[in-house]
Amino acid sequence: MKHKTLFDKIWDDHVVESVDASQDILYIDRHFIHEVTSPQAFSGLRERQIPLFRTQQTVATADHNVPTINQHLRISEPLSRIQVETLTKNCADFGVKLYGLGNPNQGIVHIIGPELGITQPGMTIVCGDSHTSTHGAFGTIAFGIGTSQVEQVFATQTLLVSKPKRMRINIDGKLGEGVYSKDLILYLLSRLTAGGGTGYFIEYAGSAIKELSMEARMTICNMSIEMGARGGLIAPDEKTFEYIKGRDFAPQGEDWERALAYWQTLYSDPEAEFDLEYHFDAADIEPMITYGTNPGMGIKISEQVPREIKSAKPESFHKSLDYMGLRPGQELLGMPVQNVFIGSCTNARIEDLRIVAAFSKGKKVSPHVRAMIVPGSQRVRKQAVEEGLDRILIDAGYEFREAGCSACLGMNEDKIPAGQYCVSTSNRNFEGRQGPGARTILASPLTAAAVAIHGKIVDPREYV
Amino acid sequence: MPMEDIDTDQIIPARFLKAIDKLGFGDNLFYDWRYDKNDQPNPDFVLNNPLYSGKILVAGKNFGSGSSREHAAWALHGYGFRVIISSFFADIFKGNALNNGLLPIQVSPEYLDILLQTISQHPDTRITMNLPEQYVMLEPEGEKVHFEIDGYKKMCLLNGYDDIDYLLSLKDKIVEFEKNRSYVPPPLPATN
């Protein structure tokens, strides 16, 4: 293949061997693990009586189950505590570096990897978590795997996988005022639907993508999985190199020069062909919200809930609306909301917190709203405090908590009560995701802040 | 289960992912649909209806969408299912199923509708699945409908191998690969 896509270049560079013409043995540069999807994989190693093959290429954190207040105290929920303790023991037994509770670098796995400079262009990165696609923002092939695959990587630092097809999504032009990368990805999801990327690995390109900061790019790649894609990546550029430079585990000195030389070769050749390609205009994108029970069921904030959609049978569609307590044709502007959650690997980085603080400064969270802010990592939290964002947010009436996955999926105590709405900066609005009966509405940090202050669905652009 | 887009949060809600071994997930399969708020069996849910039973689950399109949690496959297998028939499977779920003795079979939307209707009208319907010859058929006289399966996965399922046994046998090649790479990212520090 003379003209290669970036995805092909990285994939082909990592193939140890092909099996059966349908699968490759793919070498994995970095393996992130957390407490939920690793226990059985470690047990598997013990049962087979083999060591963890490449401990230096394995990095652990505790994020899904951890409380987001009083993290210095013993975890009260027994099963959560056992899972977190099991991870600690396993990492000690097998020699894996753990950024656990109490470590200043602890946080959501897909936030700490880039923060520490561990995620670097051209790498293959996996984790037992579907939002591993986040790391694709650095020009990596990063994707989620199941626990048996975690064990494969533990045992051999490789994975037996089939190569996905290649898709490119081009977004050109400029995003409007008050419109962010979260709106962009929700817009793409509404166009391509929850299954529209299945079987593909996506490259995001175009002038609108290049304009985005690294954190904004991470939001886009993070939700690639919601389209059913294996993952999504963005070619590295000066912004990427600037972001990485000087971080804890970024290459230094001669290593930096060598790394830079390699990273600068990481782009799709101009004549490379993709199996499927889309083009969108950034000017068409407005603040988005979801109304249904999968991330593809989203509309522009000014639009009404559709009466039907092509991607679902009427029965499924109406079941979804019933769960959400919404009606076809309903306008969502003005609808009261009881909860706002700003957090998750999608939008809990410093830029997200700055947006919320800037909007909320001098204002008060609506009295009937519970608004939670869960920074993505201890570092993000520390930086927010240094910038005085915590004071602004707490004065406005937000809960300013500690780092973890929290209400994104409600595995810890941060659950949304049944029947209540939550406008959330997270990535999934499935039935019961944030708690049994909870009604999730996905949105950008700016939209979430506007809802927190006004207590109802509003167009944030009217207040900016 | 004719519902479409059955996602992994329905198959196994996140609060059940706290186990540290692979046992017991079958008890929590489809928990929030099987049981009501008071943990009583929901009489309207098909798994609670004694007329329907068996090791084959026939489900609407895009089964297993959402999370990469392999626990979804363990829950289905733990409950007793060995085969899932649908017109479309989410990628990660499909891989997880094949790695855990659970066979996802993709059929045409038309055939899926036939199966769903037949089962719904006749709860005692029998379906035969033949892996070596790669077909499913409605008993007693349905046509044999072919399904695709990767040759390697088929071999593993038939022989009870897993991927790790296979990869471990190639350790030398992996070490060789590591030595011959054109660019190696500088390593992270060793843990003490």
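Below: a short report on this structure. (Residues numbered from 1 in each chain as written. Chains lettered and ligands numbered in written order. Predicted model: local features only at pLDDT ≥ 70, side-chain atom pairs only at ≥ 80, totals over all residues. Heavy atoms only, no water.)

## Comments concerning the overall build of chain B
Here is step 1 of the chain: Scanning chain B from N- to C-terminus turns up eight helices and six strands.
Here is step 2 of the chain: In sequence order, the secondary structure elements of chain B are arranged as α-α-β-α-β-α-β-α-β-β-β-α-α-α.
Here is step 3 of the chain: Referenced to the eigenvectors of the C-alpha coordinate spread, the extents of chain B come out at roughly 60 × 45 × 25 Å.
Here is step 4 of the chain: A buried classification covers 50% of the 192 residues belonging to chain B.
Here is step 5 of the chain: Long-range contacts, defined as pairs at least 24 residues apart, comprise 54% of the intrachain contacts of chain B with a sequence gap of at least 6. (Helix = DSSP H or I, 4+ residues; strand = E, 2+ residues; numbered from the N terminus. Buried < 20%, exposed > 50% of the residue type's maximum accessible area, 1.4 Å probe, protein only. Contact = heavy atoms within 4.5 Å.)

## Things to note about the side chain of Q83 of chain A
Here is step 1 of the chain: For Q83 of chain A, the position within the fold is in helix α3 (residues 78-94).
Here is step 2 of the chain: Its relative accessible area of 0% is what places Q83 of chain A among the buried residues.
Here is step 3 of the chain: Not counting chain neighbours up to four residues away, the residues in contact with Q83 of chain A comprise E35, V36, P39, N65 and M411 of chain A together with L17, K18, A19 and I20 of chain B.

## Concerning helix α10 (residues 254-263) of chain A
Given 3.6 residues per turn, any residue in an α-helix points the same way as the ones three and four places further on.
Residues and elements named next belong to chain A.
Here is step 1 of the chain: For α10, the set of buried residues is W256, A259, L260, Y262 and W263. The buried residues of α10 all sit within an arc of 160° when viewed along its axis, so they share a single face. What points out from α10, more than 90 degrees from its buried face, is the exposed set E254 and E257.
Here is step 2 of the chain: Among the structural elements, α1 (6-13) and α9 (238-244) are those in contact with the buried residues of α10. (Arc of directions from axis to C-beta.)

## Quick word on the pairing of strand β3 (residues 30-33) of chain A
All names here are of chain A.
Here is step 1 of the chain: Because side chains alternate across β3, one face comprises the buried residues R30 and F32, and the other comprises H31 and I33, equally buried.
Here is step 2 of the chain: With three bridges connecting them, β3 and strand β6 (residues 124-127) associate as parallel partners. Bridge pairing in β6 places F32 opposite C127.
Here is step 3 of the chain: Running through helix α2 (residues 39-48), the crossover from β3 to the neighbouring parallel element strand β4 (residues 58-61) is right-handed. (Pairing = 2+ DSSP bridges. Right-handed = clockwise from strand over helix to strand, strands pointing away.)

## Some remarks on the interface of chain A and chain B
Here is step 1 of the chain: With 76 residues of chain A at the contact, the number on the chain B side is 57 residues.
Here is step 2 of the chain: When the two sides are added together, the surface that chain A and chain B hide from each other amounts to roughly 5600 Å², 56% of it contributed by carbon and sulfur.
Here is step 3 of the chain: Broken down residue by residue, the surface that chain A buries against chain B is led by Q40, R48 and Q56 of chain A, which jointly contribute 11%.
Here is step 4 of the chain: Run the count over chain A and chain B and you get seven salt bridges.
Here is step 5 of the chain: For K173 of chain B, the salt bridge is made with E17 of chain A, and the minimal N-O distance between the two is 2.4 Å.
Here is step 6 of the chain: Linking chain A to chain B there are 19 residue pairs in polar contact (both at pLDDT 80 or more). (Buried area = accessible area lost by both parts, 1.4 Å probe. Salt bridge = Lys/Arg side-chain N within 4 Å of Asp/Glu carboxyl O. Polar contact = N/O pair within 3.5 Å; in protein donor to acceptor, adjacent residues only side chain to side chain.)

## With respect to the environment of T37 of chain A
All names here are of chain A.
Here is step 1 of the chain: Mapped onto the fold, T37 is located in the loop between β3 and α2.
Here is step 2 of the chain: Since its relative accessible area comes to 8%, T37 is described here as buried.
Here is step 3 of the chain: Along the backbone, T37 and P78 are 41 residues apart, and their C-alpha atoms lie at a distance of 17 Å.
Here is step 4 of the chain: At 3.5 Å, the side chain of T37 forms a polar contact with the side chain of H34.
Here is step 5 of the chain: Reaching out from T37, the side chain makes a polar contact with the backbone oxygen of G128 at a distance of 2.9 Å.

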